[in-house]
Amino acid sequence: MLKMPEPLAETLARRAEIVAALRAIVPGEGTIDSETGRRAYECDGLTAYRALPLAVVLPETRAQIVDILRACHRMGVRVVPRGAGTSLSGGALPLEDAVLLGLGKFQRILDIDLENRCVVAEPGVTNLAITHAVQDRGFYYAPDPSSQIACTIGGNVAENSGGVHCLKYGLTTNNVIGIEMVTIEGEVIRLGGKHYDAGGLDLLGAMVGSEGLLGVVTEVTVRILPKPPCARALLLGFASVRDASETVAAVIGAGIIPGGMEMMDRPATKAAEDFVHAGYPLDADAVLIVELDGCGPEVDHLADRVQSIAETHHATSCRVSQSEQERLLFWAGRKAAFPAVGRISPDYYCMDGTIPRRRLAEVLERMQQMEAEYGLRCANVFHAGDGNLHPLVLYDANVPGELDRAEEFGAAILRLCVEVGGVLTGEHGVGVEKRDLMGTMFSKTDLDQQMRLKCAFDPPGLLNPGKVFPELCRCAELGRVHVHGGKTRFPELERF
């Protein structure tokens, strides 16, 4: 059962004062305090959990962000940063006693520097917009989450987002080379820049994936890549998930690193095919999409090798894209898999865990056994090449007890990921969804060390509280004196 920090009565009592202070910085419609207006921000992509924020503020300039954070720091008010709200782990879930700081108006691309192969963008620029801005010059931005049409680059930095092409080209952390951020005290800091690497402590690495706990990102510099001269996708069908999983391991073991390698099981494949009509083999228990890119002769050679490996592992069908349109169609089904599954179930719980590739078959088979144990179906869509699973637990929130069982099923899947040598998340982040499972992966000493970093950036603990850490501690207990604190318990959050 999800618990969140208890609303502070003192903060709620000062609501009118806090709203007035925000309105003095961001006047007019930029500060929202009506219940109807706040309702639009009551949840993120983890829609099972909702809460009305104390107020919503939508700045348009960095100076306004600085003033907002300074004011909240002075008044001791909590702040929840938010991008597009596509987080699937509750990372942007508001709190009743916290100001929700929306960054959706920061939508400008500030600089396109082809000589240094980078783009400087504000945090509200969508992931796909970066590629659109440079594609006519032969470049693109590699990380491509399924939500790339909506998710923002600032949110990608917060969650260290991935995507189907991250097997070869890396996650957000491998493609962000600089950021500008504002601390809770209102101090503007620049980390990295247009140069490939920076000396000193890797604070940029600490910020990417920090889920809004350390500061508010106001500018992002990403590297862009030249579009490969040739890209071809193989659509492979298998009679069993085990055969497909063993093919994944064999391809990587042969020294082949595809641009992307994705797998869907039969329920996900059927849902995607009915939605997009990509030509997926509906008689297959598992479908594997393998994309190879590079120069033409290299791609032809690797495609033949992958097809041979797949046939050795009993592939029942193989199609190689013959045009750019067909290649994009193969991916269209995979990219639309999440909304497609919404056609076969009233609700679904999208999980995110990562395991060693060699354990794929074992984990998927154990998940099939769990379906009977919890009485719920599960469709699987995942980044097979890097072992990043996205099980979709299907349930109906209108049936009493099904959401609870879905949560229990999801928690069991994540514990299984850790058990086989994997981790709790690959790209969705911890947020509130996995917060109370952090102890299965980290010791108290591990978590204390992570909390020390949080305290160094945010001594009063005002930024995105209740996320990631199962228990908030006094910074003084961790070796840093500060006036706030006390063990924070998590009463139940209202859930719909």
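**Regarding the overall build of the protein chain**
For the protein chain, the helix and strand inventory stands at 16 helices and 19 strands. Scaling as 2.2 N^0.38, a compact globule of 496 residues should have a C-alpha radius of gyration of about 23 Å, and the protein chain matches this with 23 Å. In terms of overall dimensions, the protein chain has a C-alpha envelope of 65 × 55 × 45 Å along the principal axes. The buried share of the protein chain, reckoned over its 496 residues, is 57%. Contacts in the protein chain between residues at least 24 apart in sequence constitute 72% of all its contacts with a sequence separation of at least 6. Counting only carbon and sulfur atoms, one obtains 51% of the accessible surface of the protein chain, whose full area is about 19,700 Å². If you average the places of the 49 positive and of the 65 negative side-chain charges in the protein chain, the two averages end up 3 Å apart.

**Describing the sheet that holds strand β4 (residues 98-102)**
With mixed pairing, 4 strands are arranged side by side in an open sheet as β1-β2-β4-β3. Pairing within the sheet leaves two strands with one partner each, and these edge strands are β1 (31-32) and β3 (78-82). Relative to β4, strand β2 (residues 55-57) runs parallel, the two sharing 3 bridges. Pairing of A55 across the sheet is with V99, part of β4.

**Some thoughts on the sheet that holds strand β9 (residues 188-192)**
Ordered by their spatial adjacency, 5 strands build an open sheet running β5-β6-β10-β8-β9, and the pairing between neighbours is antiparallel. The strands lining the two open edges of the sheet, one partner per strand, are β5 (109-113) and β9. Each strand of the sheet is rotated relative to its neighbour by a mean of 10 degrees, with strand direction disregarded. Pairing between β5 and strand β6 (residues 118-121): 4 bridges, direction antiparallel. Across the sheet, I109 pairs through a bridge with A121, a residue of β6. Where helix α4 (residues 62-75) meets the sheet, its contacts fall on β8 (176-182), β9 and β10 (216-223), and the angle it forms with β8 comes to roughly 55 degrees.

**Remarks on the nonpolar core**
Judged by nonpolar contacts, the single largest core of 87 residues is most densely connected at V176, I179, M263, L288 and L292. Element by element, the count of residues in this core is highest for helix α15 (residues 402-419), at 10 residues. With sequence-adjacent residues up to four places away left out, I179 is seen in contact with I189, R190, L191, L204, M207, V217, E219 and V220. The next biggest cluster of nonpolar side chains, apart from the first, holds 27 residues, and it includes V19, V26, V99 and L462.

**Regarding the confidence of the model for the protein chain**
For the protein chain, mean pLDDT is 92; residues scoring 70 or higher make up 94% of the total. Taken as a whole, residues 480-496 scores under 50 in pLDDT and shows 53 contacts with residues more than four places along the chain or in a different chain.

**Here's the deal with the side chain of D265**
As for its position among the elements, D265 is in strand β13 (residues 260-265). The charged side chain of D265 is buried without a salt bridge, its nearest counter-charge being R266 at 8.5 Å. There is a polar contact of 3.1 Å between the side chain of D265 and the backbone nitrogen of N380. Beyond its immediate chain neighbours, meaning those up to four positions away, D265 contacts V241, D285, A286, C378, A379 and N380.

**Considering the pattern of salt bridges**
Taken as a whole, this structure holds 33 salt bridges when the rule is applied. Here E122 makes a salt bridge to R108, at a shortest N to O gap of 2.7 Å. A residue pair is termed long-range when its members are at least 10 positions apart, and E122 in the loop between β6 and α5 (127-134) and R108 in the loop between β4 and β5 qualify at 14 residues. Measuring nitrogen to oxygen at the nearest pair gives 3.9 Å for the salt bridge that ties R405 to E402. Of the two residues, R405 and E402 are both situated in helix α15; the distance of 3 residues between them amounts to about one turn of the helix. In this structure R405 comes out as partly exposed when scored by relative accessible area, which is 29%. Connected through salt bridges with shared partners, the residues E35, R39, E42 and R50 form a single ionic network.

**Observations concerning the pairing of β13**
The buried count for β13 comes to 6 of 6 residues, which makes it a mostly enclosed element. Pairing of β13 with strand β14 (residues 286-294) involves 6 bridges; the strand directions are antiparallel. Each bridged residue has a counterpart across the sheet, and for M264 the counterpart in β14 is V287. Here β13 pairs with strand β18 (residues 378-383) via 2 bridges, running antiparallel. What sits directly across from M263, in β18, is F382.

What counts and what doesn't
Within each chain, residue numbers correspond to sequence positions counted from 1 in written order. Under the rules for a predicted model, residues below a pLDDT of 70 receive no local features and side-chain atom pairs below 80 are neither given nor counted, while totals for whole chains, interfaces and linings still include all residues. Each side-chain value is worked out from all heavy atoms of the structure, with water and hydrogens disregarded. Helix numbers and strand numbers start at the N terminus; a helix is a DSSP run of H or I with at least 4 residues, a strand a run of E with at least 2. We compute the radius of gyration from the C-alpha atoms alone; for a globule the expected value is 2.2 Å times N to the 0.38, where N is the number of residues. Each residue is placed in one exposure class: buried if its accessible area under a 1.4 Å probe, protein chains only, is under 20% of its type's maximum, exposed if it is over 50%, and partly exposed if it falls in between. Contacts between residues were defined by any pair of non-hydrogen atoms, one from each residue, lying within 4.5 Å. Calculation of accessible area relied on Shrake-Rupley with a 1.4 Å probe; when residues are assessed, cover is drawn exclusively from the protein chains displayed. In this tally, Asp and Glu contribute negative charge and Lys and Arg positive charge; neither His nor the terminal groups of the chain are included. Charge positions come from single atoms, namely NZ of Lys, CZ of Arg, CG of Asp or CD of Glu. When DSSP locates at least two bridges between a pair of strands, those strands are taken to pair. Fitted lines through C-alpha atoms give the axes, limited to the stretch in contact for helices. The angle between two N-to-C directions lies from 0 to 180 degrees. As used here, the term nonpolar core means buried Ala, Val, Leu, Ile, Met, Phe, Trp, Tyr and Cys residues forming a set that is joined through side-chain atoms within 4.5 Å. pLDDT is defined as a per-residue confidence score from the predictor, taking values between 0 and 100. We define a salt bridge as a contact between a side-chain nitrogen of Lys or Arg and a carboxyl oxygen of Asp or Glu at a distance within 4 Å. Polar contacts here mean pairs of N or O atoms no more than 3.5 Å apart (in protein, one a potential hydrogen donor and the other a potential acceptor; neighbouring residues in sequence count only if both atoms are side-chain atoms).

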